[in-house]
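Each chain, written out:
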Amino acid sequence: MTSFRAVRLAQRPTGVPNSDTWAIESEELPALAPGEFSVRVEYISLDPAMRGWLDDRPSYLPPVEIGAIMRAGSVGTVTESLNPRFPVGAQVVGTFGATEIAISDGSGVNVVSSDLAPLSYFLGALGMTGMTAYFGFFELGKPRAGDVVVVSAAAGAVGSVVGQIAKLNGCTVIGIAGGKEKCDYVTNTLGFDYCIDYKQDTSMRKLLGGALKEVGAQGVDIYFDNVGGEILNANLAYLSFGARVVICGAISQYNATEITPGPSNYMNLLVKRGTMTGFLVFDYASQFSVAQRRMGKWISQGKITAPETIVEGSIEEFPATLNRLFAGENLGKLVLKVS
Ligand SMILES: NC(=O)c1ccc[n+]([C@@H]2O[C@H](COP(=O)([O-])OP(=O)(O)OC[C@H]3O[C@@H](n4cnc5c(N)ncnc54)[C@H](OP(=O)(O)O)[C@@H]3O)[C@@H](O)[C@H]2O)c1
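None of these values were measured; they are calculated from a predicted model.

Peer 1: Would you take a moment to explain the environment of Ala256 for this structure?
Peer 2: The residue Ala256 is located in the loop between strand E12 (239-247) and helix H7 (268-271) in this model. Judged by relative accessible area, Ala256 falls into the partly exposed class, the value being 40%.

Peer 1: I keep staring at a nonpolar patch on the surface and nothing clicks. Help me out?
Peer 2: A contiguous nonpolar surface patch, about 410 Å² in accessible area, is contributed by Tyr266, Met267, Leu270 and Val271. You can see Val271 is positioned in helix H7.

Peer 1: Looking at this structure, I do not really get the site of the ligand. What am I missing?
Peer 2: With respect to spatial proximity, 28 residues lie near the ligand, and among them Val158, Gly178, Lys182, Tyr198 and Asn330 are the closest. Taking Cys248, its main chain carries an N or O atom lying 3.0 Å from a nitrogen atom of the ligand. Backbone polar atom of Val281 to an oxygen atom of the ligand: 2.8 Å apart, as the coordinates give it. Mapped onto the shell around the ligand, the elements with two or more residues apiece are helix H2 (128-140), helix H3 (157-168) and helix H9 (318-327). Ranked by residues supplied to the shell around the ligand, first place goes to H2 with 3 residues. Counted by class, the shell around the ligand contains 17 nonpolar, 10 polar and 1 charged residues. Looking at which domains feed residues into the shell around the ligand, each of domain 1 (3-124 + 307-338) and domain 2 (128-282) supplies at least three.

Peer 1: How should I be thinking about the packing of H2 against H3 in this particular structure?
Peer 2: For any two helices packed against each other, the geometry comes down to the angle between their axes and how far apart the axes lie. Running from N to C, H2 and H3 cross one another at 45 degrees; their axes reach a closest spacing of 8 Å. Here H3 runs oblique to H2, going by the angle between their axes. H2 and H3 meet at a crossing whose hand is right-handed. Residues Thr129, Thr132, Ala133, Tyr134, Phe137 and Phe138 of H2 touch H3, and the partners they reach there are Ala157, Val158, Val161, Val162, Ile165 and Ala166. Here the residues of the contact of H2 with H3 sort into 10 nonpolar, 2 polar and no charged.

Peer 1: Sorry, what's going on with the environment of Gly124 here?
Peer 2: Mapped onto the secondary structure, Gly124 falls in the loop between strand E7 (110-112) and H2. For Gly124, a relative accessible area of 1% puts it in the buried group. A C-alpha to C-alpha distance of 8.7 Å links Gly124 and Pro307, two positions 183 residues apart in sequence. If sequence neighbours within four positions are ignored, Gly124 has contacts with Thr129, Gly130 and Lys333.

Peer 1: Can you help me understand the sheet that holds strand E13 (residues 275-278) in this one?
Peer 2: Whether parallel or antiparallel, the strands of a sheet pair through hydrogen bonds between backbone atoms. Here we have 6 strands laid out as an open sheet, ordered E10-E9-E8-E11-E12-E13, and parallel in their pairing. Edge positions in the sheet fall to strand E10 (194-197) and E13, since each has one partner strand and no second. The average angle at which neighbouring strand axes cross in this sheet is 15 degrees, direction not considered. By the bridge criterion, 3 bridges tie strand E8 (residues 148-152) to strand E11 (residues 220-225) in an arrangement that is parallel. Within E11, the residue paired with Val150 across the bridge is Tyr223. With respect to the sheet, helix H6 (residues 229-237) is in contact with E8, strand E9 (172-177), E11, E12 and E13, its orientation differing from that of E12 by roughly 155 degrees.

Conventions we followed
Residues numbered from 1 in each chain as written. Predicted model: local features only at pLDDT ≥ 70, side-chain atom pairs only at ≥ 80, totals over all residues. Heavy atoms only, no water. Helix = DSSP H or I, 4+ residues; strand = E, 2+ residues; numbered from the N terminus. Buried < 20%, exposed > 50% of the residue type's maximum accessible area, 1.4 Å probe, protein only. Patch = residues over 30% accessible without salt bridge, like charges linked within 9 Å, V, L, I, M, F, W, Y side chains within 5 Å. Areas by Shrake-Rupley, 256 points an atom, 1.4 Å probe, with all protein chains shown as cover. Salt bridge = Lys/Arg side-chain N within 4 Å of Asp/Glu carboxyl O. Near = heavy atom within 4 Å. Polar contact = N/O pair within 3.5 Å; in protein donor to acceptor, adjacent residues only side chain to side chain. Nonpolar A, V, L, I, M, F, W, Y, C, P; charged D, E, K, R; others polar. Domains from an automatic or database assignment. Axes fitted to C-alpha atoms, helices over the stretch in contact; angles between N-to-C directions. Parallel < 35°, antiparallel > 145°, perpendicular 65-115°, else oblique. Left-handed = near helix turned anticlockwise from the far one by under 90°. Contact = heavy atoms within 4.5 Å. Pairing = 2+ DSSP bridges.

Everything listed is a geometric property; what it means functionally is a separate question.
Following this line, the structure appears as structure tokens:
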């Protein structure tokens, strides 16, 4: 019998998940049924959305059940197979969970190759977060050359790609990130025109007004929102005529223990005839291969950098690694390399 360890949900958290949230135990791997294969997981994706999946409330996916293995995207190698589409040795990406070994029937699984890109990229720039940036920006942002684009969580997995794609499309880009080090990275390495350190002791509205002046802009044509809260509200105050606000996520609210107020500046959408639209990356799944080819080309041509924070450790590191997202302790895509 093969044994493995997995992260199971022990208790629903209030606020930031803690040690009571999780149970990590050794388990025996069951025998494969016809059509199944087992995967040794090498990289696990850490995603802010995981926090929402822990709450017992209706959303776009059902909540993770108490006692179930935590839902997570991951990449690994097939170690045993009763499915000819996924032979032993194939490298695969799928929602295998926060586990060392998973059994799959192939649903939602794709074969990838470390000959094309580092395996972890299939969770980041060539995977879910890269696709989020691509479709959120092009399909909802509807960019035009010369647009002024503002993106929050600009040094993160989605934000870093949004800003770089926007630059490739002739836009002026302002990033918003926490701390000088991240802001230096966003401008010097990722090539954004300006970056606001939102952790300064100045109102977000004032900081954004100053940034727009610095880049010589009158207002915001596209605001790509990863964080919600005050940062969203400040952007709503500076919309240009016909602006597009893309609601990608609201990480500033994911661990809130009380109801958070809505954005008071939303009436500016009416004044400026703007739109504010939410989206889910999975709605564009049928077009992923086209976007992945484009993104892969940009990366290989050096036009896009795919920053990553790779935490190396055992599956026991999963809970602490997840919380790094909420503390801003990641640059680019956060993954756990399972050893
Ligand atoms: N709609 C979709 O289909 C979809 C798909 C994927 C992701 N998303 C959303 O996209 C957003 C970014 O996800 P990601 O995977 O790329 O994560 P990420 O940006 O790589 O990591 C999260 C970042 O959020 C920032 N942050 C944390 N707490 C914050 C707060 N209170 N206020 C402002 N910023 C805060 C931190 O950066 P700083 O150090 O700069 O604070 C942190 O590094 C999330 O909201 C996520 O839920 C949506």
